[in-house]
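Geometric and topological summary
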Amino acid sequence: MSQISRRARVRQLADSVWPGRTVNGYANLIAARLRKLADEGSTGMLPVSGHGDGAVFFRDGQVVYAESSRTSPPVARARDLAALGLVPGEAPGSAGADGTDAAGTVATRSVSRLGGMLELTELIIDALTELLSSESRYAKFRHAEVIPAGQGRPLAVETLLAEVQRRHEVLRQLAPVVTPDTTVTCESSLGLPSAQVSPAQWALLIRADDGTTPRGLAMQLGRSVFGTTIEVYWLVELGLLAVPGRPPALAGDQAAVMSFIRAVPGGKGSDA
Amino acid sequence: MIMPEAGELLAPVAAIEGFRLGCLVDASTGMVLASVQSQDAAATPTAAAGAADLVHMLTLLNGKLATGEILEDVMITFSDSFFMVRPVERDTEPRILLLVMADRHRTNLAMAHRSIRDLCAGFPA
């Protein structure tokens, strides 16, 4: 007699009733809710729970902020930006009236803001990627809930959902080697190859002790969990980090190499 | 488009003769930040993903060679187009990539390369 858990039984029942909407499709339900909020031009907060708690903040139907207890909080990064005067909402070159005269001047100012905004936006999308995982579910939308001070640039829901879908596909590709919650250790064998790493990778290496996970490293450094998982993957490929228990034969297995191209949904399309 | 304000930065490359597609890509995540394209351009997400993959593989190569060098740019010639990728900051850790695709039969490669290099040089080190 087979013994299956209550959870597995629920999953089986759901699969049989909703062929296209399995229990893993909770994320689809949240996506549908986000689309509806966008269509209605809502302003407020959608609480989401699951593996970790979090919320998605809307303003006029666009996402301006999201945070999850399992990703680095964007609000700290936003405060850093505000302290530097890189306040979201300003157009490139708007810091000074004469900023648009020379292309170089515009580019310099813009990329400063661009780099800062990228870090903030990355953390917001990182939180959303976590919140739209398979085990998450949403609660009642709270209209006109106060939006945190660390709000980012308004982002269209469809654009975000496409990006989250792409990220989930990348994470699926990485899963045979490393997930955000895989324990990694520093490779300390005598046969360690010489290698060149970036400052960001070095920051991970010097913090990778026993029991470290990409998520833990990301939280420690205030970085994106998604981006850190990819960096850890490349460090494993370089032979500088190891996944305990991973068969050595897989170490050089290039068949499973991660590819952003394979994560692009559909085929020919455009995000423009 | 995740960061529409970045689109303004692409104006100079859009002026390249034979221009087809220009986009800024977050190298670490493969996310398209902004893009501009002509009507006959290839699919932006796919081209951007390809650029990020290329840079990742070259960074891996560079990491294993451990010569202390940094990636300056990637120039690929297809039968009908040029595919050019350049980190916008000269760093051991390229964060943002500029991808430009152009019609091979209409584009002066040297001039295009110069435009791309000049644009990227405008970004702070």
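A quick note: this is a predicted structure, and the numbers were derived from the prediction, not measured.

What follows concerns the overall build of chain B. The secondary structure content of chain B amounts to three helices and five strands. Radius of gyration (C-alpha) of chain B: 14 Å, near the 14 Å computed for a compact globule of 125 residues. Dimensions of chain B, computed from the C-alpha atoms along their principal axes, are close to 40 × 30 × 25 Å. Evaluated residue by residue, chain B yields a buried proportion of 51% over its 125 residues. Look at the contacts in chain B between residues 6 or more apart in sequence, and 51% of them connect residues 24 or more apart.

Further remarks concern unusual backbone geometry. Backbone geometry places Asp60(A), a non-glycine residue, at a positive phi of 55°. By the element assignment, Asp60(A) lies in the loop between strand S2 (54-59) and strand S3 (62-68). A positive phi angle is found at Ala66(B), which is not glycine, with a value near 50°. Checked against the element boundaries, Ala66(B) lands in the loop between helix H2 (44-65) and strand S3 (74-77). The exposure class assigned to Ala66(B) is partly exposed, which follows from the 13 C-beta atoms found within 10 Å.

Let us look at the confidence of the model for chain B. For chain B, mean pLDDT is 88; residues scoring 70 or higher make up 93% of the total. Highest mean pLDDT in chain B belongs to S3(B) (96); lowest belongs to helix H1 (residues 11-14) of chain B (90).

Moving on, we come to the environment of Leu114(A). In this fold, Leu114(A) is placed in helix H4 (residues 103-131). Under the C-beta neighbour-count criterion, Leu114(A) is labelled buried, with 26 such atoms within 10 Å. C-alpha separation for the pair Leu114(A) and Arg35(A), spaced 79 residues apart in sequence, amounts to 27 Å. Beyond its immediate chain neighbours, meaning those up to four positions away, Leu114(A) contacts Met3(B) and Ala6(B).

So, about the packing of helix H7 (residues 214-221) of chain A against helix H8 (residues 225-237) of chain A. Residues and elements named next belong to chain A. Packing of H7 against H8 leaves a shortest axis separation of 8 Å and a crossing angle of 125°. Classified by the interaxial angle, the pair formed by H7 and H8 is oblique. Crossing of H7 against H8: the hand is right-handed. Across the interface between the two elements, Pro214, Arg215, Leu217 and Ala218 of H7 pack against Val225, Thr228, Thr229 and Val232 of H8. For the contact of H7 with H8, the class distribution of residues is five nonpolar, two polar and one charged.

This part is about the domain arrangement of chain A. Residues and elements named next belong to chain A. Here chain A is partitioned into domain 1 (6-170) and domain 2 (181-263). Opposite the 14 residues of domain 1 that make contact, domain 2 presents 12 residues. Within the residue set of the side of domain 1 that touches domain 2, elements represented by two or more residues are helix H3 (74-83), H4 and helix H5 (157-174). The element contributing the most residues to the side of domain 1 that touches domain 2 is H4, with five residues.

This brings us to the nonpolar core. Membership of the largest hydrophobic core comes to 98 residues, with the highest contact counts inside it found for Val56(A), Val25(B) and Leu99(B). Considering every element that reaches this core, the biggest residue donor is H4(A), with 10 residues. For Leu99(B), the contacting residues outside a window of four places in its chain are Gly22(B), Cys23(B), Val25(B), Ala47(B), Ala48(B), Ala51(B) and Val85(B).

Let's shift gears to H5(A). If you check H5(A), its first and last C-alpha atoms are 25 Å apart, about what 18 residues at 1.5 Å a residue would give, namely 26 Å. Looking only at H5(A), the buried set comprises Val157(A), Leu160(A), Leu161(A), Glu163(A), Val164(A), Arg166(A), Arg167(A), Val170(A), Leu171(A) and Leu174(A).

With that settled, the discussion passes to the sheet that holds strand S2 (residues 31-37) of chain B. All names here are of chain B. Pairing within the open sheet is antiparallel, and its five strands lie in the order S2-S1-S5-S4-S3. What marks the edges here is a single partner per strand, and that holds for S2 and S3. Each neighbouring strand pair of the sheet contributes to a mean axis angle of 15°, computed without reference to strand direction. As defined by bridge partners, strand S1 (residues 19-26) adjoins S2 across six bridges and the pair is classed as antiparallel. In the strand pairing of S2, Leu24 is matched with Ala34.

All names here are of chain B. With 13 residues, helix H3 (residues 109-121) should reach 18 Å at 1.5 Å per residue; the first-to-last C-alpha distance of 18 Å fits that figure. Buried within H3 we find Ala112, Ser115, Ile116, Leu119 and Cys120. Considered in projection along H3, the buried side chains sweep an arc of 125° and stay on one side of the axis. H3 presents Ala110, Met111, Arg114 and Ala121 as exposed residues on the side facing more than 90 degrees away from its buried surface. Residues of H3 that are buried sit in contact with H1, strand S4 (81-87) and strand S5 (96-103).

The subject of this paragraph is the pairing of S5(B). Residue and element names in this part refer to chain B. Along S5, seven of the eight residues are buried, which leaves the element largely enclosed by surrounding structure. The pairing of S1 with S5 spans seven bridges and is antiparallel. Among the inter-strand pairings, Leu24 is bridged to a residue of S5, identified as Leu98. Here seven bridges tie S4 to S5, and the two strands are oriented antiparallel to one another. The partner of Val85 across the bridge, within S5, is Leu99.

Analysis parameters
- Residues numbered from 1 in each chain as written.
- Chains lettered and ligands numbered in written order.
- Predicted model: local features only at pLDDT ≥ 70, side-chain atom pairs only at ≥ 80, totals over all residues.
- Helix = DSSP H or I, 4+ residues; strand = E, 2+ residues; numbered from the N terminus.
- Rg over C-alpha atoms; globule rule 2.2 N^0.38 Å.
- Buried ≥ 20, exposed ≤ 12 C-beta atoms within 10 Å, placed from the backbone.
- Contact = placed C-beta atoms within 7 Å.
- pLDDT = per-residue confidence, 0-100.
- Axes fitted to C-alpha atoms, helices over the stretch in contact; angles between N-to-C directions.
- Parallel < 35°, antiparallel > 145°, perpendicular 65-115°, else oblique.
- Left-handed = near helix turned anticlockwise from the far one by under 90°.
- Nonpolar A, V, L, I, M, F, W, Y, C, P; charged D, E, K, R; others polar.
- Domains from an automatic or database assignment.
- Core = buried A, V, L, I, M, F, W, Y, C linked by C-beta atoms within 7 Å.
- Expected span 1.5 Å × (residues − 1).
- Pairing = 2+ DSSP bridges.
- Arc of directions from axis to C-beta.

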